[in-house]
Amino acid sequence: MHDLRMVRDQIEELRAGMRRRGKLEQFAAVIDEAEALDLQRRASITAVEEKKAQRNQLTAEVGRLKKAKQDADAPMAAARALGDEIAAMEATLGPTEARLTELMLGIPNVTLADVPEGDESKNVVVRSWGTPRAAESVKPHWEVGTALGLLDLERGAKVSGSGFVVYRGAGARMLRAFANAMLDLHTGEFGYEELWVPTLVNRATMTGTGQLPKFEDDMYGVKDDDLFLIPTSEVPITNLYRDEILAEGELPRAFTALSACFRREAGSAGKDTRGVLRVHEFHKVEMVRYCTVEQGEAQLELMVGHAEAVLQRLGLPYRVVLLAAGDTGFSSAKTYDLEVFSPGVGKWLEVSSCSVCTDFQARRANIRYRPEGGGKPKFVCTLNGSGLAFPRVFAALLEHHQQADGSVAVPEFLRPWVGRDVIR
RNA sequence: GGACAGGUGGCCGAGUGGUUGAAGGCACCGGUCUCGAAAACCGGCAUACCGGCAACGGUAUCGUGAGUUCGAAUCUCACCCUGUCCGCCA
């Protein structure tokens, strides 16, 4: 969520931000309405608070008189009348504030200066690593995976539905290896604190990171309990310190966790649906960082490096893509996607998306820090990134490390947990 | 799921209708003292919003929401959470 002051003092900047996302048309009316409501709200507040101050004086007077055992009927009647006026004024203020909040919660973050304007066609490849393998002679992952008994797509569909996968044997073991290898790397070498978090979270948590109220249809939920299955562990991790004030000395903080992720993928039917490329439930190791807004961009570069390290150790060629404003997520101010080349599909697959959200999420979730040397609390800057998403890494691995006889070489990085050099 | 008990500031902890944003203590910050430190003493120390260039003034906040009242941390109701015991279950 943006600061209301944005609507007040930097409204052109806000409009420009929407324009860069290609969404000015969509949000022009919203911004105008917010601006008007803010004025209206402030006028009402001033008026109501004036009445309240008057009533408080009368009330104090009543107290004094009663204590002195004197007649207090007159101020009591006056206070009662004021109370009715206040109630009437608040009856209109309430809906105004509710509507204003609703509008503000629906406006996406403004991207940083170096984010290209426009839609995804303006995305920029900033660097790449490794050499993509030629597509010839490589079988797609669903063929190799099924042939080697690592994947059971049919039974996944039987048990749960399309978009749900059963991994088995060495395939299941490979996913466990991903978890161990990635978490050990992030905690052991990059200083992340490992967490194990709930996958079912409440409405306030989903609102804190920006999934709600706008994207309720994209999520699985448990209606009876008003709980939601997380689309990423960014959600519980970023909300860990909701409504808290940290010390500046504690920043930056870095967390990593393995979790299941659930996505309806509504509206993306037919896209990348072969094999495990787009599924409703998958696992992922996530990285989340808290820092000051000033540290945000540098922390993003650092975190992208951590995700890249995983790909390098897996020996998978990848490229780093700076997303254009229009392709940048709702809460994000700048996002790098890491894409691995899949020779079987002949496409680059997004295996990580690393974002800096400035204080956008922190303002929603009310996560602050006390500046060194005192002063008013400030909102933290939150970052999140996958490090990495399992299914697509699995797919890329089966294809990229595929050998002529159909077997798959296991990268050194995973061998301690897979327990062998080759899966055949 | 059932029965009790309880939720007050960073922490502990008073407070059961009238200057209580809230005693006291701890922690923390500044100062005095000291060669330095500790101790002692003095002072400071919540957050958000509204108005104001500012100084400052106002409003709200004692789990959350509603209600009673001229007035609620204190009374009523609902919900949430925590603890203990019982039942059930991985």
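In this report, the structure presented in the accompanying data block is examined.

Each value, and the rule that gives it
- Residues numbered from 1 in each chain as written.
- Chains lettered and ligands numbered in written order.
- Predicted model: local features only at pLDDT ≥ 70, side-chain atom pairs only at ≥ 80, totals over all residues.
- Heavy atoms only, no water.
- Salt bridge = Lys/Arg side-chain N within 4 Å of Asp/Glu carboxyl O.
- Buried < 20%, exposed > 50% of the residue type's maximum accessible area, 1.4 Å probe, protein only.
- Helix = DSSP H or I, 4+ residues; strand = E, 2+ residues; numbered from the N terminus.
- Near = heavy atom within 4 Å.
- Polar contact = N/O pair within 3.5 Å; in protein donor to acceptor, adjacent residues only side chain to side chain.
- Nonpolar A, V, L, I, M, F, W, Y, C, P; charged D, E, K, R; others polar.
- Pairing = 2+ DSSP bridges.

Concerning the pattern of salt bridges
Enumeration over the complete set of coordinates arrives at 29 salt bridges. For the salt bridge of D152 with R155, the shortest nitrogen-to-oxygen distance reads 2.7 Å. On the basis of relative accessibility, which here comes to 7%, the residue D152 falls in the buried class. Between D152 and R168 there is a salt bridge, with the nearest N and O atoms lying 2.6 Å from each other. Within this pair, whereas D152 is found in strand β2 (residues 151-152), its partner R168 is found in the loop between β3 (166-167) and α7 (170-188), the two being separated by 16 residues in sequence. Bridged by salt links that share partners, the residues D114, E297, E301 and K334 form one connected network.

Some points on the protein's contact with RNA strand B
Surrounding RNA strand B, one finds 20 residues, the nearest of these being T46, E49, R80, R368 and R370. Counting only the atoms of RNA strand B within 4 Å of the protein, the fraction contributed by sugar and phosphate is 76%. Interatomic distance of 2.9 Å between a side-chain N/O atom of R368 and a sugar or linking oxygen of RNA strand B. Here the element with the most residues in the surface near RNA strand B is helix α3 (residues 24-67); it accounts for 12 residues. Broken down by class, the residue content of the surface near RNA strand B amounts to six nonpolar, four polar and 10 charged.

Observations regarding the sheet that holds strand β5 (residues 200-202)
Adjacent strands of a sheet pair through backbone hydrogen bonds, lying either parallel or antiparallel. If you walk across this open sheet you meet the three strands as β5-β7-β6, and the pairing is antiparallel. The sheet is open, and its two edges are formed by β5 and β6 (221-222), each paired on a single side. Pairing of β6 with strand β7 (residues 227-229) involves two bridges; the strand directions are antiparallel. Bridging from a neighbouring strand, V222 pairs with L227 of β7.

Honestly, it's all geometry; don't read function into it.
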